[in-house]
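These are the residues of each chain, in order.
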Amino acid sequence: MTDSTQASSGLAEAGPSRKRSNQDALWELKSLMGRETAKTKLRRLASRAPEIPLFNPICPSTTLPACQALRSSCSKCHFEPIIRPWTDPNLGYCSYLNLCYGEPMFAKNPSLGEGPGPRGGTKECRYLHFQVVPTVSPYSTPPPEGYPPALPTVVTRRLLSMPEDKSPLDFERMKKVAQWINCDLRHFDYSQLGQFQVIIADPPWDIHMSLPYGTMTDDEMRRLPLPSLQPDWGILCLWVTGRAMELGRELFALWGYKRVDELVWVKVNQLQRLIRTGRTGHWLNHTCEHLLVAVKMPAGHPREEPIPWDSDPTLRALRRGVDTDVVVAEVRETSRKPDEVYGVIERLAPHGRKLELFGRKHNIRPGWLTLGNQLGDSQIAEADLHTRLTAKYPTQTFNLV
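Quantities reported herein were computed from a predicted structural model and do not represent experimental measurements. (Residues numbered from 1 in each chain as written. Predicted model: local features only at pLDDT ≥ 70, side-chain atom pairs only at ≥ 80, totals over all residues. Heavy atoms only, no water.)

Draft legend 1. Highlighting the environment of K392. Here K392 lies in helix α10 (residues 383–392). With relative accessibility at 41%, the residue K392 sits in the partly exposed group. Measuring from C-alpha to C-alpha, the distance between K392 and D189 comes to 8.5 Å, with 203 residues separating the pair along the chain. Other than its neighbours up to four places away in sequence, K392 contacts D189 and Q192. Among the polar contacts listed, one links the side chain of K392 to the side chain of D189, at a separation of 3.5 Å. (Helix = DSSP H or I, 4+ residues; strand = E, 2+ residues; numbered from the N terminus. Buried < 20%, exposed > 50% of the residue type's maximum accessible area, 1.4 Å probe, protein only. Contact = heavy atoms within 4.5 Å. Polar contact = N/O pair within 3.5 Å; in protein donor to acceptor, adjacent residues only side chain to side chain.)

Draft legend 2. Focus on helix α7 (residues 244–255). For α7, spanning twelve residues, the distance from its first C-alpha to its last is 16 Å, which sits close to the expected 16 Å at 1.5 Å a residue. On its buried side, α7 packs onto α6 (218–222), β6 (235–240), β7 (257–268) and β8 (288–296). Positioned one or two residues after α7, G256 has a phi angle of 90 degrees, which is positive. (Expected span 1.5 Å × (residues − 1).)

Draft legend 3. Seen up close, the confidence of the model for the protein. Mean pLDDT for the protein: 79, with 71% of residues reaching 70 or above. Throughout residues 7–18 the model reports pLDDT below 50, and contacts reaching past four residues in sequence, or to other chains, amount to zero contacts. Scored below 50 in pLDDT, residues 115–121 shows four contacts in the model against residues more than four places distant or in partner chains. (pLDDT = per-residue confidence, 0-100.)

Draft legend 4. Here's a closer look at the pairing of strand β10 (residues 354–357). The alternating pattern of β10 places K354 and E356 and L355 and L357 on opposite faces, both of which are buried. Examined bridge by bridge, strand β5 (residues 198–201) and β10 share four bridges and lie parallel to one another. Bridging from a neighbouring strand, A201 pairs with L357 of β10. When β10 meets strand β11 (residues 368–372), the two strands line up parallel, connected through four bridges. Considered in β11, the bridge of K354 is made with W368. (Pairing = 2+ DSSP bridges.)

Draft legend 5. Spotlight on the side chain of N269. Turning to its location among the elements, N269 is positioned in the loop between β7 and β8. A residue is classified by how much of its surface remains accessible, and N269, at 14% relative accessible area, is buried. At 3.0 Å, the side chain of N269 forms a polar contact with the backbone nitrogen of L271.

Draft legend 6. Examining the nonpolar core more closely. In this structure, I181, F188, Y190, L193, L357, L369 and L371 are the most contacted members of the largest nonpolar core, which totals 37 residues. Those elements that place two or more of their residues in this core are β5, β6, α7, β8, β10, β11 and α10. When neighbours within four sequence positions are excluded, I181 is seen to be in contact with F188, L193, L369, T370, L371, G372, L375, S378, I380, L389 and F398. Counting 25 residues, the second largest nonpolar core, distinct from the first, contains C237, L291, L315 and W368. (Core = buried A, V, L, I, M, F, W, Y, C linked by side-chain atoms within 4.5 Å.)

Draft legend 7. Geometry of the pairing of β11. Across the five residues of β11, five count as buried, placing the element largely inside the fold. The alternating pattern of β11 places W368, T370 and G372 on one face and L369 and L371 on the opposite face, and all of these are buried. Pairing of strand β4 (residues 179–182) with β11, which is carried by four bridges, proceeds in the parallel orientation. Counterpart to W180 in the pairing with β11 is T370.

Draft legend 8. Structural context of the packing of aromatic side chains. One pass over the structure, following the stated rule, counts six aromatic pairs. When the centroid spacing of 4.8 Å and the interplanar angle of 85 degrees are considered together, the rings of Y93 and F130 count as edge-to-face. Remark: F130 occurs in strand β3 (residues 129–133) and Y93 occurs in the loop between β2 (77–82) and β3; sequence separation between them is 37 residues. Relative to Y190, the ring of F188 has its centre 5.5 Å away and its plane inclined at 90 degrees; by these criteria the two rings are edge-to-face. For Y190, a relative accessible area of 5% gives the class buried. Of the aromatic side chains, those joined through ring pairs into one cluster are F188, Y190 and Y393. One cation-aromatic arrangement involves K267 over W265; the distance from NZ or CZ to the ring centre is 5.0 Å. A cation over an aromatic ring shows up here: K337 above the ring of W239, its NZ or CZ 5.5 Å from the ring centre. (Phe/Tyr/Trp six-rings, centres within 6.5 Å; stacked < 30°, edge-to-face > 60°. Lys NZ or Arg CZ within 6 Å of the ring centre and 35° of its normal.)

Draft legend 9. Inspection of the sheet that holds strand β1 (residues 58–63) at higher detail. Taken in spatial order, the three strands of this open sheet run β1-β2-β3, and their pairing is mixed. Strand pairing shows two members of the sheet lacking a second neighbour, β1 and β3, which therefore form its edges. Here the average twist between neighbouring strands, direction ignored, is 30 degrees. Alignment of β2 against β3, held across five bridges, turns out to be antiparallel. What sits directly across from P81, in β3, is F130. (Axes fitted to C-alpha atoms, helices over the stretch in contact; angles between N-to-C directions.)

Draft legend 10. Main features of the environment of P308. Take P308: it is sitting in the loop between β8 and α8 (313–316). What makes P308 partly exposed here is its relative accessible area of 21%. Through-space distance from the C-alpha of P308 to that of W233 is 9.9 Å; in sequence the pair is 75 residues apart.

Dropping the structure here:
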């Protein structure tokens, strides 16, 4: 074999090898970018979900007289009827209950919105309405088994950039401060935010129906850089309905996520009965909504391979099996989701930063960063995030608390 033949043979062998090497390098780079940064990991270890609040469950017997007919004592909440001069108990329950314009007690209910009722004003409703009679002994829910103890204050203070001149009480308050950024999510620079262990989003899907708010096209949703906001095995939750259920699954595949579960919100009225008035749906009246739950897959993990729940440290830190996949909760304002879902997510992932996208003022929650275009002046508690945002958007107000 001549030297020129050997040289051409060597080039032929080197070509594909070099190509494979470049692909491997790109694959490794993508894998490194998807990993949890050291700062995110330290903050996850330093942060804690808010204290588990006291909870007053509703008695299944609904009213106190009905409950007393079955049991001698009950520590749960009950309802009592509201009797007005115009009330006719023989007519039965009002189908709108606490969403009725014709009951004075609920006239200022924020779920009814601004202005007069749909019939041009309020008219006394003769049907039965109810109000809650609180219990005298609130329930206390114990933390889940294995709930981690708090880190020493001096360690957490440094990890979360807490000023030295703040007292421990100020420090505990800071950890529970809600943060929000008023912005257009289609054009916001997400690289300023860092990484989040949990992201929940209630996108304004284009579901081909007349809606009282603006929507985003499918392509605008596809362009959202959500993978860059989470480390490998980060949790992404998407509220979906109608055609958005298929689109949500498509976005998971496009962004590199794998759907692992689904939570269903069953909508009920004030008396905890299934909603049957004013629901949406092309074929059947919808009485539930779905929250798709997915995890971000590492770049080198085959999609068909099982998820290493018991071997990966990040996945082992999740509190799986604590809650069920059904939430039964009251309907409130348009598009407002039940607060119980936050508790489910916080118990599932008690550590790490948490982000909500497309939020409104009622979504603002301690321990979360909320992004939306109806939030007013922004509020930030993380000093380093405040520095980045003010440098990037010098004309916008970011209040540091």
